[in-house]
Amino acid sequence: MDTMDRKILAELQKDGRLTVTELAARVRLSVSPCHRRLRELERSGAIRGYRAVVDPAALGLHFEALVFISLHQEDRDTVADFERALAAVPQVLQAQRLFGDPDYLLRVATADLTAFQELYDQELATLPGVQRLTSTLVMKHVVDERPLS
């Protein structure tokens, strides 16, 4: 990946709806080479896809929490069962497996505190292999959706 590829990626992260012509103009490249580079970035997996960034509040999701989960054991079957069940919980916006303790960090969005408490008690606490749950509430987003460089 060279400097021009990085410029293309930077522009697309700002506005993923750019046409190839607009993108080429922004990175100061003619359309054909820009299009070839764009297709190669897509083919290589550097660009994983295109999507709309939706404001959770527009969908009535005004409450966000970070949930930390520790499993009682981390054998292959327990981890696989936990991750499969977790993937089916639509309120989980992001989930990362961590080194150390806790084992997982979840970003969860719900309508309000009552909906979060219900999710926490009825779904998250009952996931396979869960030993301990702790959570903290998100006050505000300071850095959100930062482009990669």
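Values in this document were obtained by computation on a predicted structure and should not be read as measured data.

Colleague: Help me understand the side chain of Ser70, please; the structure alone is not making it clear to me.
Modeller: The residue Ser70 is located in strand β1 (residues 63–71) in this model. Leaving out residues up to four positions away in the same chain, Ser70 has contacts with Asp101, Pro102, Asp103, Gly129, Val130, Gln131 and Arg132.

Colleague: Quick question: what am I supposed to make of helix α1 (residues 3–14) here?
Modeller: Helical geometry: 3.6 residues make up each α-helical turn, so side chains three or four residues apart lie on a common side. The terminal C-alpha atoms of α1, which comprises twelve residues, lie 17 Å apart, in line with the 16 Å expected from a rise of 1.5 Å per residue. Along α1, the positions that sit buried rather than exposed are Met4, Asp5, Ile8, Leu9, Glu11 and Leu12. Buried residues along α1 cover an arc of 165° about the axis, so they all sit on one side. Those residues of α1 that are exposed and angled more than 90 degrees off the buried face are Thr3 and Lys14.

Colleague: Hey, could you run me through the pattern of salt bridges in this one?
Modeller: Close approach of charged atoms allows side chains with opposite charge to pair. Overall, the coordinates contain eleven salt bridges when judged by the stated rule. The salt bridge involving Glu74 is made with Arg97; its shortest N-O contact spans 3.6 Å. A residue pair is termed long-range when its members are at least 10 positions apart, and Glu74 in the loop between β1 and α4 (76–87) and Arg97 in strand β2 (residues 92–97) qualify at 23 residues. A residue is classified by how much of its surface remains accessible, and Glu74, at 45% relative accessible area, is partly exposed. Using a relative accessible area of 47% as the deciding quantity, one classes Arg97 as partly exposed.

Colleague: What exactly am I supposed to notice about the packing of helix α2 (residues 20–27) against helix α3 (residues 31–44) here?
Modeller: Two quantities define a packed helix pair, namely the angle between the axes and the distance from one axis to the other. Running from N to C, α2 and α3 point in directions that differ by 105°, and their axes come no closer than 9 Å. For the element pair α2 / α3, the angle class is roughly perpendicular. Residue-level inspection shows Val20, Thr21, Leu23, Ala24 and Val27 of α2 in contact with α3, the latter providing Val31, Cys34, His35 and Leu38. For the contact of α2 with α3, the residue count by class is seven nonpolar, two polar and no charged.

Colleague: When you look at the packing of aromatic side chains in this model, what are you seeing that I'm missing?
Modeller: Within this structure, the stated rule accounts for three aromatic pairs. Relative to Phe116, the ring of Phe63 lies with its centre 5.5 Å away and its plane at 40°, an arrangement referred to as tilted. Here the residue Phe63 occupies a position in strand β1, and Phe116 occupies one in helix α5 (residues 113–124), the gap between them amounting to 53 residues. When its relative accessible area of 14% is taken as the criterion, Phe63 is described as buried. For Phe116, a relative accessible area of 6% corresponds to the buried category. Note on Phe82 and Tyr104: the rings are 4.6 Å apart at their centroids and 50° apart in plane angle, and the pair reads as tilted. Remark: Tyr104 occurs in strand β3 (residues 104–110) and Phe82 occurs in helix α4; sequence separation between them is 22 residues.

Criteria and thresholds
Residues numbered from 1 in each chain as written. Predicted model: local features only at pLDDT ≥ 70, side-chain atom pairs only at ≥ 80, totals over all residues. Heavy atoms only, no water. Helix = DSSP H or I, 4+ residues; strand = E, 2+ residues; numbered from the N terminus. Contact = heavy atoms within 4.5 Å. Expected span 1.5 Å × (residues − 1). Buried < 20%, exposed > 50% of the residue type's maximum accessible area, 1.4 Å probe, protein only. Arc of directions from axis to C-beta. Salt bridge = Lys/Arg side-chain N within 4 Å of Asp/Glu carboxyl O. Axes fitted to C-alpha atoms, helices over the stretch in contact; angles between N-to-C directions. Parallel < 35°, antiparallel > 145°, perpendicular 65-115°, else oblique. Nonpolar A, V, L, I, M, F, W, Y, C, P; charged D, E, K, R; others polar. Phe/Tyr/Trp six-rings, centres within 6.5 Å; stacked < 30°, edge-to-face > 60°.

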